[in-house]
Amino acid sequence: MYLGLDLGTSGLRALLVDENGAPVGSAEAHYDVSHPHSGWSEQDPADWVTACKTVISDLKKTQSAAFAKLSGIGISGHMHGAVLLGADDAVLRPCILWNDTRCADEAAMLDAASGVRELSGNIVFPGFTAPKLLWVEAHEPDIFAQVKKVLLPKDYLRLWLTGDHVGDMSDAAGTSWLDVGARNWSDLLLKQGHMREDQMPRLVEGSGMSGVVRPALRDDWGTGEVAVAGGGGDNAVAACGVGCFKEGQGFVSLGTSGVLLAAKDSFAPDPATAVHTFCHAVPGRWYQMGVILAATDALNWLSARLKQSPAELSALVASVDGPGKALFLPYLSGERTPHNDSDMRGALVGLDVGGGDEALVQAVMEGVCYALRDCLEALRATGTELTEVLAIGGGTQSRVWTEMLATVLNLPLSLPKDGEFGAALGAARLAMVARGAEVEEVMTQPDIGEVIAPKADLVADYEAAYQRYRALYPAIKGALA
């Protein structure tokens, strides 16, 4: 048996699979995000450990016989977070998360430094890890002076599981400390970020062995030796979960954030496009992706304003009949691809006195689709073309939203037949490979339940609406200046 742990921004999902990779049982636990100031986003790492204890306890109760046969664990996690550890691995402050934008000045300074883009393969975005440490150095110098290790979120969970400081290449690629082409820490990048290699964890491939579960935990769980795979950043591991690791394969994710990801056989960065280029969670592979900071989170924002659930709001838009008059820019906490703009904020434009809640929901859905179209154009600017695109994430439960997205992208989108377990399944698959399975044998693509084609008669209308959307960015940016 193998366990996949997916440490998300709002909760931890655990998936237990058998020796063939078939799901046996799952459990979830949730925790909060703190926003102590505008643009800040933090979490207490202790909450992740509590959540892990909860899901494991639940699985032991519901799948006791299967859990007793556990032999491997894989871990996925939200990227870029900074867990600062002092003496005896004490957590020095709350983890600064991926969607925290306080470090814009430090990110700009690093991004302009010699060799940073060339080695890291990326723009230094404010959400990345390295500028967070520069911010701590400047604003919390007493804490900075105590830092012995910096771990990414999932690697703190690994520390609890194994007692070891270990990371993997896919997650480390989002720190701006890694030479992404060479798949190793860079002396130059660490120096530019005022850090040292001894403050970094040891690196392994995502499908490699990182250690074993501590004896005390193993005794408590009632298992034999349990290997812990390297794991990876959430999107790389989600790609493993849907068998996306070869050139031309990709997926679009309507999750809290939005992602358009393309697997790559080689390291092919193009930082100027604001496309991310990271190591994959399997050896010798990389991936590119465009990222928007608010996808379903934009609908969650509207849900909080209108006092209706996201599901209730989604149901208001019954069909895709063409673009609405209102336009929504989903930059609620800035944007990554293609703008790299932490100061930009969202906007609703073209509101009509006759428009109701349905018009607002349609505008939010379409705005997210247009932002993901920006990501597609950025990927194309690097020379990347997608030939197979899966649609995953919670937002794809809305057929209307998925059909709208297919039409805006003008690409057919394939929906997994039996749903998808995403990064939790990918993490379990990495554990299987760490225990000796072959990548090609276990990281297969899901059976396709339906292919949602673009609505051919509306493609031109949505193209015109997308061009109007693109023109809004500089106008709103100027108005907010």
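The preceding data block contains the structure.
Residues numbered from 1 in each chain as written. Predicted model: local features only at pLDDT ≥ 70, side-chain atom pairs only at ≥ 80, totals over all residues. Heavy atoms only, no water.

### Examining the overall build of the protein
Inclusion rule: Counting from the N terminus, the helices are DSSP H or I runs at least four residues long and the strands are E runs at least two residues long. Relative accessibility thresholds used throughout: buried, under 20% of the residue-type maximum; exposed, over 50%; partly exposed, between the two (1.4 Å probe, protein chains only). Contacts were defined at the residue level, with two residues in contact if any of their heavy atoms lie within 4.5 Å. Using the Shrake-Rupley algorithm and a 1.4 Å probe, accessible areas are obtained, with residue cover drawn only from the displayed protein chains.
Counting secondary structure elements, the protein contains 18 helices and 24 strands. When each of the 481 residues of the protein is scored for burial, the buried share is 60%. Put simply, of all contacts in the protein between residues at least 6 apart along the chain, 72% involve residues at least 24 apart. Accessible surface computed for the protein: about 17,500 Å², of which carbon and sulfur atoms make up 49%.

### So, the packing of aromatic side chains
What counts here: Working definition: a ring pair exists when centres of Phe, Tyr or Trp rings (six-membered ring for Trp) sit within 6.5 Å. Plane angles under 30 degrees give stacked, over 60 give edge-to-face, the rest tilted.
Tallied over the entire structure, the rule returns twelve aromatic pairs. For the pair Tyr331 and Tyr473, a centre-to-centre distance of 6.1 Å together with 85° between the ring planes defines the contact as edge-to-face. Here the residue Tyr331 occupies a position in the loop between β20 (327-329) and β21 (347-349), and Tyr473 occupies one in helix α18 (residues 459-480), the gap between them amounting to 142 residues. Grouping residues by exposure puts Tyr331 and Tyr473 together as buried.

### Digging into the pattern of salt bridges
Side-chain pairing between opposite charges can occur once the charged atoms of the two side chains come close. Quick note on the threshold: What counts as a salt bridge is simple: a side-chain nitrogen of Lys or Arg found within 4 Å of a carboxyl oxygen of Asp or Glu.
Throughout the structure, instances matching the rule amount to 21 salt bridges. For Glu385, the salt bridge is made with Arg380, and the minimal N-O distance between the two is 3.8 Å. Classification of Arg380 by relative accessible area gives partly exposed; the value is 29%. Between Glu450 and Arg399 there is a salt bridge, and its shortest N-O distance comes to 2.3 Å. Of this pair, Glu450 sits in strand β24 (residues 448-452) while Arg399 sits in helix α15 (residues 399-409), placing them 51 residues apart in sequence. On the basis of relative accessible area, Arg399 is assigned to the partly exposed category, the value being 42%. Among the charged side chains, a salt-bridge network with shared partners connects Glu42, Arg93, Asp100, Arg102 and Glu140.

### Description of the nonpolar core
Put simply, the rule is: The definition of a nonpolar core used throughout is a set of buried Ala, Val, Leu, Ile, Met, Phe, Trp, Tyr and Cys residues joined through side-chain atoms within 4.5 Å.
Trp177, Phe251 and Met443 are the most contacted members of the largest nonpolar core, which has 75 residues in total. Top element by residues in this core is helix α16 (residues 422-434). It accounts for ten residues. With near-sequence residues (within four places) excluded, Trp177 lies in contact with Thr129, Ala130, Leu133, Val150, Trp185, Ser186, Leu189, Leu190, Gly193, Met195 and Met200.

### Looking at helix α12 (residues 296-306)
One turn of the α-helix equals 3.6 residues, which is why residues spaced by three or four share an orientation. Put simply, the rule reads: The arc in question is the one spanned by the directions pointing from the helix axis to the C-beta atoms.
The set of residues buried in α12 consists of Thr296, Ala298, Leu299, Leu302 and Ser303. Down the axis of α12, the smallest arc covering the buried residues is 150°, so these residues share one side. In this structure, the buried residues of α12 make contact with β16 (249-254), α13 (310-316), β20, α14 (357-381) and α15. Positive backbone phi, approximately 60°, marks Lys307, located one or two places after α12.

### A look at the pairing of β16
What counts, and what does not: Think of it this way: DSSP has to see at least two bridges between two strands before they count as a pair.
Of all six residues in β16, six are buried, a share of seventy percent or more. Here β16 shows a buried face lined by Gln249, Phe251 and Ser253 and a second buried face lined by Gly250, Val252 and Leu254. One ladder, built from five bridges, connects β16 with strand β17 (residues 258-264); its direction is antiparallel. Across the sheet, residue Leu254 finds its bridge partner in β17, namely Gly258. In this antiparallel pair of consecutive strands, β16 and β17, the connection spans three residues.

### Regarding the environment of Asp321
Defined as follows: Pairing of N or O atoms within 3.5 Å defines a polar contact, subject to two protein rules: one partner must be a possible hydrogen donor and the other a possible acceptor, and residues neighboring in sequence count only if both atoms are side-chain atoms.
Position of Asp321 relative to the elements: it lies in the loop between α13 and β20. The exposure class assigned to Asp321 is exposed, which follows from its relative accessible area of 60%. Taking the C-alpha atoms as reference points, Asp321 and Leu12, 309 residues apart in sequence, are found 37 Å from one another. There is a polar contact of 2.7 Å between the side chain of Asp321 and the side chain of Ser319.

Read these as geometric descriptors, not functional statements.
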